[in-house]
Amino acid sequence: MPVTFPSRAYFEELRKLMEAEKERFQKLGFIDTTFAVRVTGGERLRETHTYLLTFHTFSCTEVQEMEAGESPLELLPADFLDTYGSTQEKIDFILEAPYEVWKEMLQNIKEKGRADGSHTLNTLTHLGTPIKVLYDDPDGHDRLFRYSESIQEFWNLSAKLDLEFADEAPVKLEMEFP
Amino acid sequence: MAYYGTESFLENRDFTDRLRAILHGDLGLEWLKPPGKEVCCEVAAKRFSYADVDVGESGYSTLSPYLRGHRSLAPRGARKAGDFPDFQPMVNDRDEVWSYNVVPLYEEAKTRQWNATTDIPWQDLDRWELPPEIEAAFCQLCTFLTEVEMIATDLPAKWLGRVHPDLLEAQSFLCTQAMDEARHTEVFRKRALAGGGLFKSSSVAEHSLKAILEADTFSEASAFLHVLGEGAVLSLFRHSEFIAPTEVDKKIFRLVMQDEARHVSYGTLHLKWLLDHRPERREAIHQILDLGENFIQGALSDPANTEALIILGGKGTSKKCLEQGIEFTKLLTRQRIEEYFQRCARAGLAERRGRSRLGELLALVGG
């Protein structure tokens, strides 16, 4: 059954796939982070959607969707200390981009089986555009790089989904990357 | 042989007689005194970490900042009786190596190890036919990284045996860093030799490496290496993933950046720990960063490497390509310096931005 992007169900499917492929993710190592994915609305998507993804040990342990009026910025702490076992609610960073950008990235993953060189998360965030990385705590920001391969492989699981999008028009952004 | 101990056991009649008695069933069982009551710990289902055994007097949370008393390898929490040798640790001060996150980082580091021999799809490299100038530029970058990465093994390795054994969690993390950086040297050397070969080494960079190794204290070395040096290299790895000419090379940079970010995180929150607990060290840290910024700037501005980055960023040597490459390289410099100031502020050294001369470089690259 197809799953629509963006939706909580889409991230739930990724979460389940990650669990099903636990051995592969165990090899990549511990991933302990919570971050937000923000899909901003525009012509093709009426509303902005924000999802909070929590990872612990080798798994994605929780997927939440924020209410329309809530901002993930309030969950960015400037001075969180990474002491073991803390239960403080916080996120490390926010990945924010217009819907069209996420759609192109996911279409590329579907088409190629995984993100090609022009569509890796690092490539899409490096210039601060088309995907913005928002953070207050640089140590939280650095978790994006500490878990780089796990996060990339999490997105790459989209290739296994029967994926449909909030709009039907194909997207080809005018983005050129090295 | 430099050490002969305190006696010859083979010639000690009492020692041999005691062993003989034990082997005839005359056990003394002096060791069988139960340890203190606070030794039980909960075994977590998924991950049984050093944090789970942080209990009672054997835990790290109750460590004194000043490690007085024994200077032996006796396990923290074990009963000590007898004439232990003095291993002469130089770092007997918890705050000199401790970090807010050293325990979770050690656990993370063990699980995120990878293998440069088998985890890189080397066999796919020939799917890409690169223009000679691109392959040469990439190999120049790999030559530089091969040359500089092993210092981040040498530095923790130099200090490991000098750290008091009661600081074992910090020692253990430093062991993982030593392994990480050996792997980085390996992966860049292999990539260069699998392609266009090793190009020009950098005497400028090596002065920087020597300065890191010669820092007077561990904390000063850490501020120089982890916060300043590896912070800069982390930016370079991310940039290199962005401009890498093949997906094999992108994979290499995604893997090395994970390790590097862990070291930066340790260094940042070690510096914070140090400044929180030893505010009098602030000026010494500033002084090493004054020197270090100069060295790192030299190393990262080596013409061969700067030019290689420009060619890779622009994907060629035409005027248009070079202009694009220069813009990307300026961006790397701005990002590197800005994120360094952010990490300094996170560690409690916000005034670094005003004191540093890197602002002059920022102006040069349009920051």
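Residues numbered from 1 in each chain as written. Chains lettered and ligands numbered in written order. Predicted model: local features only at pLDDT ≥ 70, side-chain atom pairs only at ≥ 80, totals over all residues. Heavy atoms only, no water.

### What to know about the overall build of chain B
Link 1 in the chain: Summing up its helical and strand segments, chain B has 13 helices and 0 strands in all.
Link 2 in the chain: Starting at the N terminus and walking to the C terminus, you meet the elements of chain B as α-α-α-α-α-α-α-α-α-α-α-α-α.
Link 3 in the chain: Split into buried and exposed, the 367 residues of chain B put 53% on the buried side.
Link 4 in the chain: As presented, chain B carries roughly 17100 Å² of accessible surface, and 57% of it is formed by carbon and sulfur atoms. (Helix = DSSP H or I, 4+ residues; strand = E, 2+ residues; numbered from the N terminus. Buried < 20%, exposed > 50% of the residue type's maximum accessible area, 1.4 Å probe, protein only. Areas by Shrake-Rupley, 256 points an atom, 1.4 Å probe, with all protein chains shown as cover.)

### Observations regarding unusual backbone geometry
Link 1 in the chain: Omega for the peptide link from F5 of chain A to P6 of chain A comes to 0 degrees, which places this bond in the cis form.
Link 2 in the chain: As for its position among the elements, P6 of chain A is in the loop between β1 (3-5) and α1 (8-20).
Link 3 in the chain: Omega for the peptide link from T129 of chain A to P130 of chain A comes to 5 degrees, which places this bond in the cis form.
Link 4 in the chain: Along the chain, the position of P130 of chain A falls in the loop between α4 (121-125) and β6 (132-134).
Link 5 in the chain: The phi angle at L29 of chain B is positive, at roughly 55 degrees, despite the residue not being glycine.
Link 6 in the chain: Position of L29 of chain B among the secondary structure elements: in the loop between α1 (13-23) and α2 (102-111).

### Some words on helix α4 (residues 151-160) of chain B
Helical geometry: 3.6 residues make up each α-helical turn, so side chains three or four residues apart lie on a common side.
Residue and element names in this part refer to chain B.
Link 1 in the chain: Summarising burial for α4: 7 of the 10 residues are buried, a large majority.
Link 2 in the chain: The complete set of buried residues in α4 reads I151, A152, T153, L155, P156, W159 and L160.
Link 3 in the chain: Its buried side turned inward, α4 meets α3 (132-149), α5 (168-194), α6 (203-213) and α7 (218-243). (Contact = heavy atoms within 4.5 Å.)

### What about the pairing of strand β2 (residues 33-40) of chain A?
All names here are of chain A.
Link 1 in the chain: Taking burial as the measure, the 8 residues of β2 include 8 buried ones, the bulk of the element.
Link 2 in the chain: Side chains T33, F35, V37 and V39 of β2 all project onto a buried face; the interleaved residues T34, A36, R38 and T40 project onto the opposite face, where all are buried too.
Link 3 in the chain: Looking at chain direction, β2 and strand β3 (residues 49-56) are connected through 7 bridges and run antiparallel. Bridge pairing in β3 links V37 to Y51. (Pairing = 2+ DSSP bridges.)

### As for the nonpolar core
Residue and element names in this part refer to chain A.
Link 1 in the chain: If you look at the biggest cluster of nonpolar residues, it comprises 138 residues, and the most contacted ones within it are F5, Y10, F11, W102 and W155.
Link 2 in the chain: Leaving out residues up to four positions away in the same chain, W155 has contacts with Y10, F11, V37, W102, M105, L106, I109 and L121.
Link 3 in the chain: In terms of nonpolar packing, the next biggest core, distinct from the first, is built from 7 residues, A36, L52, L76 and I91 among them. (Core = buried A, V, L, I, M, F, W, Y, C linked by side-chain atoms within 4.5 Å.)

### Here's the deal with the pairing of β3 of chain A
All names here are of chain A.
Link 1 in the chain: Across the 8 residues that make up β3, a large majority, 7, are buried.
Link 2 in the chain: In terms of strand pairing, β3 meets strand β4 (residues 59-65) through 6 bridges, oriented antiparallel. Note that in β4 the partner of F55 across the bridge is C60.
Link 3 in the chain: Counted along the chain from β3 to the antiparallel partner β4, the turn is 2 residues long, and its residue T57 has a positive phi close to 60 degrees.

### Quick word on the confidence of the model for chain A
Link 1 in the chain: Per-residue confidence for chain A gives a mean pLDDT of 89, with 87% of residues at or over 70.
Link 2 in the chain: When the criterion is pLDDT under 50, residues 83-87 of chain A qualifies, and its contacts beyond four places in sequence or with other chains add up to 7 contacts. (pLDDT = per-residue confidence, 0-100.)

### Description of the packing of α3 of chain B against α7 of chain B
Residue and element names in this part refer to chain B.
Link 1 in the chain: Close contact between α3 and α7 brings their axes to 13 Å; oriented N to C, the two are set at 155 degrees. Relative to α7, the element α3 is oriented roughly antiparallel. Considering the relative orientation of α3 and α7, their crossing is left-handed. Contacts between α3 and α7 involve L141, F144, L145 and E149 from the first element and V233, L236, F237 and S240 from the second. (Axes fitted to C-alpha atoms, helices over the stretch in contact; angles between N-to-C directions. Parallel < 35°, antiparallel > 145°, perpendicular 65-115°, else oblique. Left-handed = near helix turned anticlockwise from the far one by under 90°.)

### Structural notes on the interface of chain A and chain B
Quoted interface sizes are often the accessible area lost when the parts come together.
Link 1 in the chain: If you look at the interface, chain A gives 41 residues, while chain B gives 42 residues.
Link 2 in the chain: Both faces combined, the contact of chain A with chain B buries some 3800 Å², and carbon together with sulfur accounts for 53% of it.
Link 3 in the chain: Taking the shortest distance from any N to any O, the salt bridge between K251 of chain B and E149 of chain A comes out at 2.9 Å.
Link 4 in the chain: The interface formed by chain A and chain B holds 29 residue pairs in polar contact (both at pLDDT 80 or more) in total. (Buried area = accessible area lost by both parts, 1.4 Å probe. Salt bridge = Lys/Arg side-chain N within 4 Å of Asp/Glu carboxyl O. Polar contact = N/O pair within 3.5 Å; in protein donor to acceptor, adjacent residues only side chain to side chain.)

### Description of the pattern of salt bridges
Link 1 in the chain: If you walk through the whole model with that rule in mind, you get 56 salt bridges over all chains.
Link 2 in the chain: Here E21 of chain A and K160 of chain A are joined by a salt bridge, their closest N and O atoms 2.3 Å apart. Linking E21 of chain A in the loop between α1 and α2 (22-28) with K160 of chain A in the loop between α7 (148-156) and β7 (163-165), this pair joins segments that are 139 residues apart in sequence.
Link 3 in the chain: Of the residues examined, K160 of chain A reaches a relative accessible area of 52% and is grouped as exposed.
Link 4 in the chain: In this structure, K27 of chain A engages D119 of chain B in a salt bridge whose closest nitrogen and oxygen atoms are separated by 3.1 Å. Here K27 of chain A is found in helix α2, whereas its partner D119 of chain B is found in the loop between α2 and α3 on a different chain.
Link 5 in the chain: Bridged by salt links that share partners, the residues E21, R24, R114, E153 and K160 of chain A form one connected network.

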